[in-house]
Amino acid sequence: MIHAPEPWWLPALLALSLFSDALMSVRPPMFIQRCLDGVRFPRDWWWTLIAIKLAATAGLVVGLKYPGVGFATAVGVIAYFLCAAYAHYRARFLGSEFWINCLGMLALSVAAALPYVV
């Protein structure tokens, strides 16, 4: 029998956050543009972030039924936000975008992975 992670809403909230972020990134608002420019991420590569976030969304949703997929995806999302945090640090772009958006999403990613291990 396959069981959903408990609490199921943590991975679901992360999936919803990533999906919303991916949709916003299609025509990025100023705060997303400022963040990506601040870490010197090339504009020609911005589309890759949309693809990554949509793939992560799908993995987290599938992971609600198949915990192994959810855990693997959550670990991948943690790695993604660790890389983002490093990019912020390396670019010395440590404003509110770093503290609220980047580290906030990293914390949510860690919280979303916990139901799979506990």
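These notes cover the structure that comes with them. (Residues numbered from 1 in each chain as written. Predicted model: local features only at pLDDT ≥ 70, side-chain atom pairs only at ≥ 80, totals over all residues. Heavy atoms only, no water.)

**A short note on the overall build of the chain**
Defined as follows: Numbering of helices and strands runs from the N terminus; a helix is a DSSP stretch of H or I covering at least four residues, while a strand is a stretch of E covering at least two. Radius of gyration here uses only the C-alpha atoms, and the compact-globule reference equals 2.2 Å multiplied by the residue count raised to the power 0.38. Only protein chains enter the accessibility calculation, which uses a 1.4 Å probe. A residue is then buried if its area is under 20% of the maximum for its type, exposed if over 50%, and partly exposed in between. Note that accessible areas follow from Shrake-Rupley with a 1.4 Å probe, and for residues the cover is restricted to the protein chains shown. The charge count includes Lys and Arg as positive and Asp and Glu as negative, but it does not include His or the ends of the chains. Where a charge lies is defined by one atom per residue type, namely NZ (Lys), CZ (Arg), CG (Asp) and CD (Glu).
Check the secondary structure of the chain and you find 5 helices and 0 strands. Reading the chain from its N terminus to its C terminus gives the helix and strand order α-α-α-α-α. Since a compact globule built from 118 residues should have a radius of gyration of about 13 Å, the 14 Å found for the chain is in line with a globular shape. For the chain, buried positions account for 40% of its 118 residues. Of the roughly 7100 Å² of accessible surface on the chain, 72% is carried by carbon and sulfur atoms. Computed over 8 positive and 5 negative side-chain charges, the inter-centroid distance for the chain is 5 Å.

**A look at the pattern of salt bridges**
For the record, the criterion: Salt bridges are identified by distance alone: a Lys or Arg side-chain nitrogen within 4 Å of an Asp or Glu carboxyl oxygen.
This structure, assessed with the given rule, holds 3 salt bridges. Residue Glu97 pairs with Arg34 through a salt bridge whose shortest N-O separation is 2.9 Å. A residue pair is termed long-range when its members are at least 10 positions apart, and Glu97 in helix H5 (residues 96-117) and Arg34 in helix H2 (residues 30-38) qualify at 63 residues. With a relative accessible area of 41%, Arg34 lands in the partly exposed category. In this structure, Asp37 and Arg43 form a salt bridge, with 2.7 Å as the shortest nitrogen-oxygen distance. On the basis of relative accessibility, which here comes to 35%, the residue Asp37 falls in the partly exposed class.

**Some remarks on the packing of helix H1 (residues 9-26) against helix H3 (residues 46-63)**
We apply this condition: For helices, the fitted line uses only the C-alpha atoms of the stretch in contact; every axis is such a line through C-alpha atoms, and the angle between N-to-C directions lies from 0 to 180 degrees. Angle categories are assigned with fixed cut-offs, so that under 35 degrees is roughly parallel, over 145 is roughly antiparallel, 65 to 115 is roughly perpendicular, and the rest are oblique. Here a crossing is called left-handed whenever its near helix is offset anticlockwise from the far helix by less than a right angle, and right-handed whenever the offset is clockwise. Any two residues whose heavy atoms approach within 4.5 Å at even a single point are treated as in contact. Three categories are distinguished: nonpolar for Ala, Val, Leu, Ile, Met, Phe, Trp, Tyr, Cys and Pro, charged for Asp, Glu, Lys and Arg, and polar for the others, with Gly belonging to the last.
Running from amino to carboxyl end, H1 crosses H3 at an angle of 155 degrees, the nearest separation of the two axes being 8 Å. It follows that H1 is roughly antiparallel to H3 by the angle criterion. Read as a crossing pair, H1 and H3 show a hand that is left-handed. Taken together, the residues of H3 that come into contact with H1 (itself represented by Pro11, Leu14, Ala15, Leu18, Phe19, Asp21, Ala22, Ser25 and Val26) are Ile50, Lys53, Leu54, Ala56, Thr57, Leu60 and Val61. Class assignment for the residues of the contact of H1 with H3 results in 12 nonpolar, 2 polar and 2 charged.

**Observations regarding the layout of surface pockets**
Put simply, the rule reads: In this analysis, the protein atoms alone were mapped onto a 1 Å grid. Cavities are point sets where a 1.4 Å probe fits without being able to get out; pockets are open sets with protein on both sides within 12 Å along at least five of seven lines; lining residues have an atom within 4 Å of a point. Grid points are joined across faces, edges and corners, and a volume is the space filled by probe spheres set on the points.
Within this model, the largest pocket holds a volume of roughly 620 Å³. Listing elements by their share of the lining of the largest pocket, those giving two or more residues are H1, H2, H3, helix H4 (67-91) and H5. A per-element tally of the lining of the largest pocket places H4 first, with 6 residues. Per-class residue counts for the lining of the largest pocket are 18 nonpolar, 5 polar and 3 charged.

**Considerations on the state of the cysteines**
Rules: Cysteine sulfur pairs qualify as disulfides if the two atoms are within 2.5 Å.
If you walk through the whole model with that rule in mind, you get 0 disulfides. Free of any disulfide, Cys35 has its nearest cysteine sulfur in Cys102, 7.1 Å distant. Exposure remark for Cys35: the relative accessible area of 16% places this residue in the buried category. The cysteine Cys83 is free of any disulfide, with Cys102 supplying the nearest cysteine sulfur at 10.0 Å.

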